[in-house]
Amino acid sequence: MMGYSKSVFQRIIRYGAKVIERLTLLTIPFVLWFMLSGQFRKSYEGRPQALDGGNLSVFKFKQPKVAVSTPEWVYWATGGGLLAVALGFVFLIRFKKYQEEMQRKKVAEEKAHLRLDVILSKLNIILPERKLLEALANGASHPDDILPLVESVEDFEGKVTEFKKTKPDAKVLKSIYNLRHKLGFDVNNKRANFISTQMLAGGIKLECQIPHPTKQVLFVSTILTVSENGILLKPPTVKKKPVNLKRYPHLVCRIRRGEEADYEFQLPILNQIFGKPNAIVLGHTNNIKKMFIRESERVKVDIFTTFYAMTEEKLNSLGTGVSITKSDIALESVNGQIVDMSVGGLKAEVEKLPKNFEEGDLLIFHIQGANLREDMKARVLKINPRGSEYDIHMQFFRTRELERLKIKKFIFRTQKQTQQTNTQSAPPSTEQSSMASKPKMSPDMPKASDSVSSNERNALLQ
């Protein structure tokens, strides 16, 4: 009904414009005649008259003694009419522009609504979840208010933080968590910045460190479940019993997102549940530090190993483990020496290169002493010739959290052994020589009670 009335109104406007245009065309000749008819001509006295002489007075035009005067209201009416016509034209032009602008806005708004509907449909957002998006946008339903929440994790988390100040119930908080992951704002989506631990999900492994004052206790644990209020994490065990972590204020956790970077954050320990299930109750944080993989510290090592060359395309086509790959297909191998290593990569020295070997290819090898069950893979970043040998700079390829933790422990153990070797090889001072007869423990050495036993380390890695 509203559309019909609008169309009728538009037809009336167009008809009125045509009528005004025709009346204007008819008025123009009348105005020209009125201005050129001599109504404003003045008579001058005393000038010579051409027809006064002779008998030509018969041809003389005799003006009336009383001049014909136009009423004043005619001028006012004419001026008013012209002004009305001009204003009418201006109004029609402005009104037409206004209609065009409104039409453009209407088309743009329809496109925005259609775009929002398509995005929400692809994400399988149902009506209650759309209502929740409107609630997060302070009750607004316009696409300009909803689309930023769908396209930006920063805008979404900011609105969620404001909405939580209203203290919604547990059901609404659960819906917010599900909506976040439906929109793709999770830790596995590299297009979304990892800015909140609510982006974690169950099944993800975290590398955690207990803030012990004298020990460095690391363990890898699996997230049991994540809610909007907290995280349930599987605790480490010693002799098949969960370690009591309630006395510690927090855990320092780290996670790697693909080959992009490591992210480190502190999660407060809220509680610990014993029995079934055994779980640590952790809080959330938005204070997340991004640590690029290339910033890892390198440590000098001396490990002899055999490198097997392979391309990434060939590895993807096999779809099997490394051990099966090395036993089932023929791979060209070279012997070399690993000279330094970090959590992110390593450097090796080889006497020769495999055939058709280039940067970007993969090398498969075993790290002796790192307690790794499977061989490691690394991508070649750079090859530097050095005399008759070659220096190969590599980055670990598709490493798992447990493998990264074991490599980190191996590097830490190597550093510690190097420091102890340097201390023992240093010549004793005069004071130390005089006190050699007295068996006394160095204050820099850790006590037996402060050291981490091998059983405890193995239990923490389970």
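My aim in this report is to walk through the structure given alongside it, one point at a time. (Residues numbered from 1 in each chain as written. Predicted model: local features only at pLDDT ≥ 70, side-chain atom pairs only at ≥ 80, totals over all residues. Heavy atoms only, no water.)

Our focus in this paragraph is the overall build of the protein. Check the secondary structure of the protein and you find 11 helices and 15 strands. Sequence-distant contacts in the protein: of pairs separated by 6 or more residues, those separated by 24 or more amount to 62%. A total accessible area of about 30800 Å² is found for the protein, and carbon and sulfur atoms account for 55% of it. (Helix = DSSP H or I, 4+ residues; strand = E, 2+ residues; numbered from the N terminus. Contact = heavy atoms within 4.5 Å. Areas by Shrake-Rupley, 256 points an atom, 1.4 Å probe, with all protein chains shown as cover.)

The next point concerns the packing of aromatic side chains. Here the structure, examined in full by the defined rule, presents 5 aromatic pairs. Taken together, a centroid distance of 5.3 Å and an interplanar angle of 85 degrees make the contact between F194 and Y263 edge-to-face. One end of the pair, F194, is in the loop between α6 (170–182) and β1 (205–210); the other, Y263, is in strand β7 (residues 261–273), and 69 residues separate them in sequence. According to the relative accessible area criterion, F194 is buried, its value standing at 5%. (Phe/Tyr/Trp six-rings, centres within 6.5 Å; stacked < 30°, edge-to-face > 60°. Buried < 20%, exposed > 50% of the residue type's maximum accessible area, 1.4 Å probe, protein only.)

To continue, consider the side chain of T197. Along the polypeptide, T197 turns up in the loop between α6 and β1. Residue classification places T197 among the buried positions, given a relative accessible area of 0%. A polar contact of 2.9 Å, which involves the side chain of T197, links it to the side chain of H284. If we ignore the near neighbours within four places in the chain, the residues touching T197 are V226, I231, F265, L267, H284, T285 and I288. (Polar contact = N/O pair within 3.5 Å; in protein donor to acceptor, adjacent residues only side chain to side chain.)

Only a minority of non-glycine residues have a phi that is not negative, and only a minority of peptide bonds are not trans. Cis peptide bonds are those with omega within 30 degrees of zero, and the linkage from K276 to P277 qualifies with 0 degrees. Mapped onto the elements, P277 comes out in the loop between β7 and β8 (279–282). A positive phi angle, near 55 degrees, is found at K167, a position not held by glycine. By secondary structure assignment, the location of K167 is in the loop between α5 (153–164) and α6. You will see that N371, though not glycine, has its phi angle at about 60 degrees, which is positive. Here N371 is to be found in the loop between β13 (362–365) and β14 (376–386).

L133, F194, L200, L206, L251, I255 and F265 are the most contacted members of the largest nonpolar core, which totals 50 residues. At 5 residues, β7 tops the list of elements feeding residues into this core. When sequence neighbours within four positions are dropped, the list of residues in contact with L133 reads L120, I146, L149, V150, F156, L179 and L183. Core analysis: the second largest hydrophobic core is formed by 28 residues, A309, I392, F396 and I411 among them. (Core = buried A, V, L, I, M, F, W, Y, C linked by side-chain atoms within 4.5 Å.)

This brings us to the packing of helix α3 (residues 127–136) against helix α4 (residues 143–151). Look at α3 against α4: their axes get within 9 Å of each other, and the N-to-C directions meet at 105 degrees. When the axes of α3 and α4 are compared, the pair comes out roughly perpendicular. Here L133, E134 and L136 of α3 lie close against α4, whose contacting residues are I146, L149 and V150. The residue makeup of the contact of α3 with α4, split by class, is 5 nonpolar, no polar and 1 charged. (Axes fitted to C-alpha atoms, helices over the stretch in contact; angles between N-to-C directions. Parallel < 35°, antiparallel > 145°, perpendicular 65-115°, else oblique. Nonpolar A, V, L, I, M, F, W, Y, C, P; charged D, E, K, R; others polar.)

Our focus in this paragraph is the packing of α4 against α5. The geometry of α4 relative to α5 is characterised by a closest axis approach of 5 Å and an angle of 110 degrees between their N-to-C directions. As summarised for this structure, α4 and α5 are arranged roughly perpendicular, according to the angle between their axes. Note on element contacts: α5 touches α4 through V153, D155, F156 and K159, opposite P148, L149 and E151. Looking at the contact of α4 with α5 residue by residue, the classes come out as 4 nonpolar, no polar and 3 charged.

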